[in-house]
Amino acid sequence: MALPIPKSILDTDLYKFTMQNAVFQNFPDVHAIYRFTNRNKDTTFFSRECFERFQTAVSQFGQAKLTSTERAWLARTCPFFPSQYLDYLENYRFKPEQVHAEFVLVDGDKGHIEITAEGLWVETILWEVPLMACLSEIYFATVDKDWSYDGQEELAYQKGKALLEAGCVFSEFGTRRRRSFHTQDYVVRALLKATQDVPDSGKLTGTSNVLLAQKYGISPIGTVAHEWFMGIGALRGYEHVHDLALEIWETAYPNATLLALTDTFSSAAFFQSFSKNPARAKKWHGLRQDSGDPLEFAPRAKEVYQKMGIDHKEKMIIYSDALNLDKALKLKKQADEFGFKTSFGIGTFLSNDFVKASDPSSKSPALNMVIKLAAVNGKSCVKISDDLTKNTGDKEVVKEVKELFRLPV
């Protein structure tokens, strides 16, 4: 089996580059630690072979780079990136010594994998997506091998066709937890075929994977992620973290579409801050819902906008939390009724939706994993999600932030 080493520095999600550029401009000397979490630790185990192949693959990540052709394409496609950042990215190389991985034996040959990436924030920020994509591909080649590619491209085509026929605007968001690069590649190809066959309804806006966007001539898609708010909260304090994070982002991207992620410290805390600044709320084009009950989000957002005297029908909601076809259609129906524009970032449902080859009635489930920013300059980073199972960080800091925003402790 060939090791899943990135074919290009562009084989990642766009938001890693947009955040790296913002860190490059504002926090170039900040030290960071990222930490891997297997959310299904009680039921999902890795083998020593999986771990060793992963280590070998990571040791070769330094081969990936931005070519001059890729740089020229990126400059044309993403004109919001300044030339100084593209210079930096062209010279960037992964430093495998920043990644520390350990195999923790549980029983027989099965165990857990612990991973951290440590170094300058501007450097380590790019490890998250390719590390998870690499681990997933190796896991499904060495541990869970009871699956097949048979029928998968047609399945992706039918999903895309159904989304388009329902009038959905959506993008492919599946890099981090994809079954393999091959899977994500044919998914994007199948979705593009669906757009040709359903030309007058819905829209595929693009893919989060920058390399595949380049390959297929479509737009790379991305918004800001939780780590931006987490890092700024730890560095600058939490009382005005939302305002500060959005303000710095606006300065970095004065001419870009501005889409705010709401749930880093709970959507309740975000809306507390957001509602106090109608000028900023009017300036930002939309909101991204990524945890909690999505059906509660549109009515809540409408109420917030209306209290500020802002026409919510001019705003967009991007839904991106564990979407499937039924969930997306239900959310679109509700948002249409409320008058919001909508878009859907659909990941694992497209890039890692497999059944067992031995029993097609049973799933071959994707890895439920994340790599989160754990600390900056020695200060713990926390996340207080609208889904309690997604909370991360030092418990005392979590408690302090909850008390600050008057959240249930």
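Remember, it's a predicted structure, so these values are computed and weren't measured experimentally.

### Topic: the sheet that holds strand β5 (residues 169–172)
- Sheet architecture is open: 6 strands sit in the order β6-β5-β10-β9-β8-β7, paired in parallel fashion. Bordering the open sheet on either side are β6 (203–207) and β7 (259–261), each of which pairs with just one other strand. On average, each strand axis in the sheet is inclined to that of its neighbour by 25 degrees, with strand direction left out of account.
- Those strands touched by helix α15 (residues 325–338) are β9 (316–319) and β10 (341–346), and its axis lies near 165 degrees from that of β10.

### Structural notes on the packing of aromatic side chains
- Enumeration over the complete set of coordinates arrives at 30 aromatic pairs.
- An angle of 90 degrees between the planes, with centres 5.0 Å apart, marks the rings of W147 and Y149 as edge-to-face.
- The exposure class assigned to W147 is buried, which follows from its relative accessible area of 17%.
- Overall, the relative accessible area of 32% leaves Y149 in the partly exposed class.
- Between the NZ or CZ atom of K16 and the centre of the ring of Y15, over which it lies, the distance is 5.8 Å.
- In this arrangement the basic side chain of K193 is found over the ring face of Y157, its NZ or CZ atom lying 4.3 Å from the centre.

### Here we look at the environment of R406
- Structurally, R406 is set in the segment after α17 (395–404).
- Residue R406 is classed as exposed on the basis of its relative accessible area, which comes to 73%.
- Remark: the alpha-carbon pair of R406 and A269, spanning 137 residues in sequence, is separated by 8.2 Å.

### A closer look at the environment of A374
- Relative to the assigned elements, A374 resides in strand β13 (residues 369–376).
- Here the alpha-carbon distance between A374 and D200, two residues 174 residues apart in the chain, equals 45 Å.
- The residues touching A374, leaving out its near neighbours within four places in the chain, are I33, Y34, R35, K379, S380 and C381.

### Description of the pattern of salt bridges
- For the structure on display, the rule yields 21 salt bridges.
- A salt bridge links K161 to E165; the nearest nitrogen and oxygen atoms lie 3.0 Å apart. Of this pair, K161 and E165 are both found in helix α7 (residues 152–165), 4 residues apart, which corresponds to roughly one turn of the helix.
- A salt bridge links D353 to K363; the shortest N-O distance between them is 2.3 Å. On the criterion of sequence distance, the pair formed by D353 in the loop between α16 (348–351) and β11 (354–355) and K363 in strand β12 (residues 363–364) is long-range, its members being 10 residues apart.
- Connected through shared salt-bridge partners, K16, E128, R176 and E227 make up one network.

### Some remarks on the side chain of K402
- Note that K402 resides in helix α17.
- No salt bridge is formed by the buried K402. Its closest oppositely charged neighbour is E403, at 10 Å.
- When residues no more than four places from it in sequence are discounted, the contact partners of K402 are I384, N391, L407, P408 and V409.

### Brief notes about the UniProt feature "domain: Nicotinate phosphoribosyltransferase N-terminal" (unreviewed entry) in the protein chain
- UniProt annotation of "domain: Nicotinate phosphoribosyltransferase N-terminal" (unreviewed entry) refers to residues 10–136 when read in the numbering used here.
- Helix makes up 44% of residues 10–136 and strand 24%, and the two end C-alpha atoms of the span are 18 Å apart.

### Concerning the pairing of β10
- Buried residues dominate β10, accounting for 5 of its 6 residues.
- Bridging between β5 and β10 involves 3 bridges; their strand directions are parallel. Bridging across to β10, S171 finds its partner in G345.
- Sheet analysis places β9 next to β10, joined by 4 bridges and oriented parallel. Considered in β10, the bridge of Y319 is made with F344.
- Handedness of the crossover joining β9 and β10 through α15: right-handed.

### Let's talk about the UniProt feature "domain: Nicotinate/nicotinamide phosphoribosyltransferase" (unreviewed entry) in the protein chain
- UniProt tags residues 170–408 as "domain: Nicotinate/nicotinamide phosphoribosyltransferase" (unreviewed entry).
- The distance from the first to the last C-alpha atom of residues 170–408 is 34 Å, and the span holds 42% helix and 16% strand.

### Observations concerning the packing of helix α1 (residues 14–26) against helix α4 (residues 83–91)
- Taken N-terminus to C-terminus, the directions of α1 and α4 make an angle of 110 degrees; their axes are 10 Å apart at the nearest point. Accordingly, the angle class assigned to the pair α1 and α4 is roughly perpendicular. Touching F17, Q20, N21 and F24 of α1 are Q84, Y85, Y88 and L89, all from α4.

### Concerning helix α3 (residues 68–77)
- When we look at burial in α3, the residues that qualify are E70, R71, W73 and L74. The buried residues of α3 all sit within an arc of 165 degrees when viewed along its axis, so they share a single face. Exposed residues on α3 whose side chains face more than 90 degrees from its buried face are S68, T69 and R76.
- Next to the buried residues of α3 lie α4 and α9 (210–216).

Rules used throughout
- Residues numbered from 1 in each chain as written.
- Predicted model: local features only at pLDDT ≥ 70, side-chain atom pairs only at ≥ 80, totals over all residues.
- Heavy atoms only, no water.
- Pairing = 2+ DSSP bridges.
- Helix = DSSP H or I, 4+ residues; strand = E, 2+ residues; numbered from the N terminus.
- Axes fitted to C-alpha atoms, helices over the stretch in contact; angles between N-to-C directions.
- Contact = heavy atoms within 4.5 Å.
- Phe/Tyr/Trp six-rings, centres within 6.5 Å; stacked < 30°, edge-to-face > 60°.
- Buried < 20%, exposed > 50% of the residue type's maximum accessible area, 1.4 Å probe, protein only.
- Lys NZ or Arg CZ within 6 Å of the ring centre and 35° of its normal.
- Salt bridge = Lys/Arg side-chain N within 4 Å of Asp/Glu carboxyl O.
- Lys, Arg positive; Asp, Glu negative; His and termini not counted.
- UniProt positions renumbered as here; feature names shortened; annotations may be inferred.
- Right-handed = clockwise from strand over helix to strand, strands pointing away.
- Parallel < 35°, antiparallel > 145°, perpendicular 65-115°, else oblique.
- Arc of directions from axis to C-beta.

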